[in-house]
Structure formats: C-alpha cells, structure tokens
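Listed here are the chains, written in short residue letters.
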Amino acid sequence: FGADVPTGADVIVTEIFDSWLLGEGMVPVMHDAIERGLLAPHGRVVPAGAQIWGVLVESEWLARHEQLPSGALAGYAHVIEALG
C-alpha cells in the first residue's frame, strides 16, 4: 500500500503459475496479499481457481530422482483453507 493505492484492489490478475501450479508460490503470495489488504473485501483474483490432475505411478527412476524434500508441503493446508 501507499499513497497511489489507498484501498484494496477490486481485482488482482496474476500469472505466477508453473507446470506444477504451486511451485512459484501462488498460494502463499495470494494469502499474503489478502492478509495485507491488497485485495478489497469482495475483490476477485484472476484466475480464481485451478485443477491439478494426477496419476499414481510406480517408478524406481522417479523414486531416486524426483522426491520432495521432507516437509516440502508442510503449512500449505491452513493457507489454502484461508483462501477458500
């Protein structure tokens, strides 16, 4: 906020998505914007939603090369609920 933006915005348009949807910090960034009053009480975020589709697979190669660090998703549940 500043003199040039005296109240929360009616619309926040964002494109901070990567191919995994959450990798660029979309959820924590929008949560912070809402907490700081950057979005008006009845404002909208565009895009307003997304879907993640997944398929369970078993792969020794993926298990060796693509594991999330322990606790990588810790803390996201309460942030997502707050945005709901």
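Residues numbered from 1 in each chain as written. Predicted model: local features only at pLDDT ≥ 70, side-chain atom pairs only at ≥ 80, totals over all residues. Heavy atoms only, no water.

(A) A look at the overall build of the chain. From N to C terminus, the chain includes three helices and two strands. Going from N to C terminus, the chain has its helices and strands arranged as β-α-β-α-α. Within the chain, buried positions represent 18% of all 84 residues. Considering only residue pairs separated by 6 or more positions, the chain has 74% of its internal contacts joining residues 24 or more positions apart. Working note: accessible area of the chain is about 7000 Å², and carbon and sulfur atoms make up 59% of it. (Helix = DSSP H or I, 4+ residues; strand = E, 2+ residues; numbered from the N terminus. Buried < 20%, exposed > 50% of the residue type's maximum accessible area, 1.4 Å probe, protein only. Contact = heavy atoms within 4.5 Å. Areas by Shrake-Rupley, 256 points an atom, 1.4 Å probe, with all protein chains shown as cover.)

(B) The arrangement of a nonpolar patch on the surface in detail. A cluster of nonpolar side chains, contributed by V55, V57, W61 and L62, occupies part of the molecular surface with about 430 Å² of accessible area. Note on placement: W61 falls in helix α2 (residues 60-65). (Patch = residues over 30% accessible without salt bridge, like charges linked within 9 Å, V, L, I, M, F, W, Y side chains within 5 Å. Salt bridge = Lys/Arg side-chain N within 4 Å of Asp/Glu carboxyl O.)

(C) Fine view of the pattern of salt bridges. Under the counting rule described, the total for this entry stands at one salt bridge. Here D32 and R36 are joined by a salt bridge, their closest N and O atoms 3.0 Å apart.

(D) Expanded view of helix α1 (residues 26-35). Of the residues making up α1, those classed as buried are M26, V27, M30, H31 and A33. One side of α1 holds all its buried residues, which, seen down the axis, span an arc of 160 degrees. Within two residues after α1, G37 carries a phi angle of roughly 80 degrees, on the positive side. (Arc of directions from axis to C-beta.)

(E) Region of interest: unusual backbone geometry. Looking along the chain, the bond that leaves V46 and enters P47 is cis, with omega of 0 degrees. By secondary structure assignment, the location of P47 is in the loop between β2 (39-46) and α2.

(F) Examining the nonpolar core more closely. Counting residues in hydrophobic clusters, the biggest one holds six residues: I12, M26, M30, A33, L39 and V45. Mapped onto this core, the elements with two or more residues apiece are α1 and β2. (Core = buried A, V, L, I, M, F, W, Y, C linked by side-chain atoms within 4.5 Å.)

(G) Quick peek at the confidence of the model for the chain. Looking at the chain, pLDDT values average 80 and 88% of them are 70 or higher. No element of the chain has a lower mean pLDDT than helix α3 (residues 76-83), at 70, and none a higher one than strand β1 (residues 9-13), at 91. (pLDDT = per-residue confidence, 0-100.)

(H) Fine view of the environment of D32. Position of D32 among the secondary structure elements: in helix α1. Residue classification places D32 among the partly exposed positions, given a relative accessible area of 35%.

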